[in-house]
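Topology and contacts: notes
Each chain is listed here by its residues.
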Amino acid sequence: MKMKEEVRKAFSTQINREYYSAFLYLQMSDWLNQNNWPGCAHWMYVQYKEELAHAQGLFEYLQYRGVEVDIDKVDKPEKKEWENVLGVFEGALAHEQQITTWINEVVDIAAKAGDKAAVLFLDWYVVEQVEEEANQEVNIDNVKAGDGMSGILRRWDYHMGKRVFSGEDIPMPG
Ligand code: OFO
């Protein structure tokens with residue numbers, strides 16, 4: 001089944017959003033590094049790589065379906081003056097909640113177009129968003145739990161620096 005235009009466009013738009021996520025987290029990683037959170041900066045850099053993989057997964061799926069991809073320019077993340085490390089992770093959670101909404105919209109568009117194959121492919125992204133939000137919630141909880149206790153926050157930052165990028169295993173048909 002040839003992918004319908006509205007589904008192709010929705011996938012293309014989502015590719016752009018995933019690249020924006022990557023840029024946002026790269027900027028956050030820099031902020032964390034500049035503000036003496038090296039472990040968190042590393043954690044966010046791994047997140048940047050995950051977002052690149054999410055974009056690539058969608059790109060490869062459009063290639064597999066034999067349709068054109070519209071590559072668009074990626075917005076520059078605002079050079080936000082995040083107030084503190086908590087503000088960074090709260091910003092990341094808010095962004096992930098927005099991404100969840102958008103992924104669900106792409107699923108709805110594919111379902112409305114009767115493109116069951118695309119819906120099935122997107123299942124991975126739907127499940128991934130649960131983890132994406134949960135990760136940021138855990139980070140927020142940990143910052144709050146260590147509030148005012150710099151020893152605990154320093155140990156937590158050290159632990160954040162241990163995150164390993166293992167490659168995102170986005171299941172591709174074929
Ligand atoms: Fe691609 O999941 Fe985060 O944004």
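The paragraphs below set out a description of the structure included in this document. (Residues numbered from 1 in each chain as written. Predicted model: local features only at pLDDT ≥ 70, side-chain atom pairs only at ≥ 80, totals over all residues. Heavy atoms only, no water.)

For the rest of this paragraph, the subject is the overall build of the protein chain. When you go through the protein chain residue by residue, the secondary structure sums to 5 helices and 0 strands. In the protein chain, the succession of helices and strands from N to C terminus is α-α-α-α-α. The C-alpha atoms of the protein chain give 17 Å as radius of gyration, which agrees with the globular expectation for 174 residues (16 Å, within 12%). Projected onto its principal axes, the C-alpha coordinates of the protein chain cover approximately 60 × 25 × 25 Å. (Helix = DSSP H or I, 4+ residues; strand = E, 2+ residues; numbered from the N terminus. Rg over C-alpha atoms; globule rule 2.2 N^0.38 Å.)

Turning to the environment of Asn139, a few remarks are in order. Summarising the element assignment, Asn139 is placed in helix α4 (residues 116-145). Owing to a relative accessible area of 3%, Asn139 belongs among the buried residues under this scheme. Measuring from C-alpha to C-alpha, the distance between Asn139 and Gln14 comes to 25 Å, with 125 residues separating the pair along the chain. If we ignore the near neighbours within four places in the chain, the residues touching Asn139 are Trp43, Phe89, Trp156 and Met160. (Buried < 20%, exposed > 50% of the residue type's maximum accessible area, 1.4 Å probe, protein only. Contact = heavy atoms within 4.5 Å.)

Our next topic: unusual backbone geometry. For Asn36, which is not a glycine, the phi torsion comes out positive at approximately 70 degrees. Its location among the elements puts Asn36 in the loop between α1 (5-34) and α2 (38-65).

Moving on, we get to the pattern of salt bridges. Between side chains of opposite charge, pairing is possible as soon as their charged atoms come close. All chains considered together, the criterion is met by 5 salt bridges. Note that Asp70 and Arg8 form a salt bridge whose closest N and O atoms lie 3.1 Å from each other. Of this pair, Asp70 sits in the loop between α2 and α3 (85-112) while Arg8 sits in helix α1, placing them 62 residues apart in sequence. Of the residues examined, Asp70 reaches a relative accessible area of 34% and is grouped as partly exposed. A salt bridge links Asp115 to Arg65; the nearest nitrogen and oxygen atoms lie 3.0 Å apart. With a gap of 50 residues between them, Asp115 in the loop between α3 and α4 and Arg65 in helix α2 connect regions that are remote in the sequence. A relative accessible area of 1% places Asp115 in the buried class. Several salt bridges share partner residues, and in doing so they unite Glu5, Arg8 and Asp70 into one network. (Salt bridge = Lys/Arg side-chain N within 4 Å of Asp/Glu carboxyl O.)

A separate point is the environment of Gly114. Note on placement: Gly114 falls in the loop between α3 and α4. The exposure class assigned to Gly114 is partly exposed, which follows from its relative accessible area of 40%. Put simply, Gly114 and Lys2 are 112 residues apart on the chain and 11 Å apart in space, counted from C-alpha to C-alpha.

This brings us to the side chain of Gln14. Looking at where Gln14 falls in the secondary structure, it is placed in helix α1. Setting aside residues no more than four positions away along its own chain, Gln14 makes contact with Leu58, Ile99, Trp102, Ile103 and Val106.

Turning our eyes to something else, we now look at the packing of aromatic side chains. Applying the stated criterion to the full structure yields 11 aromatic pairs. Measuring from ring centre to ring centre gives 6.1 Å for Trp43 and Phe89, while their planes differ by 80 degrees; the resulting arrangement is edge-to-face. Linking Trp43 in helix α2 with Phe89 in helix α3, this pair joins segments that are 46 residues apart in sequence. Of the two residues examined, Trp43 and Phe89, each falls in the buried class. Ring centres of Phe89 and Trp156 lie 6.0 Å apart, and the angle between their planes is 70 degrees; on these two criteria the pair is classed as edge-to-face. Of this pair, Phe89 sits in helix α3 while Trp156 sits in helix α5 (residues 150-160); the two residues are 67 residues apart in sequence, bridging distant segments of the chain. Neither Phe89 nor Trp156 differs from the other in exposure class; each is buried. Arg154 extends its terminal NZ or CZ atom over the ring of Trp37, reaching a point 4.3 Å from the ring centre. The lysine or arginine in question, Arg163, covers the ring of Trp43, its NZ or CZ lying 4.0 Å from the ring centre. (Phe/Tyr/Trp six-rings, centres within 6.5 Å; stacked < 30°, edge-to-face > 60°. Lys NZ or Arg CZ within 6 Å of the ring centre and 35° of its normal.)

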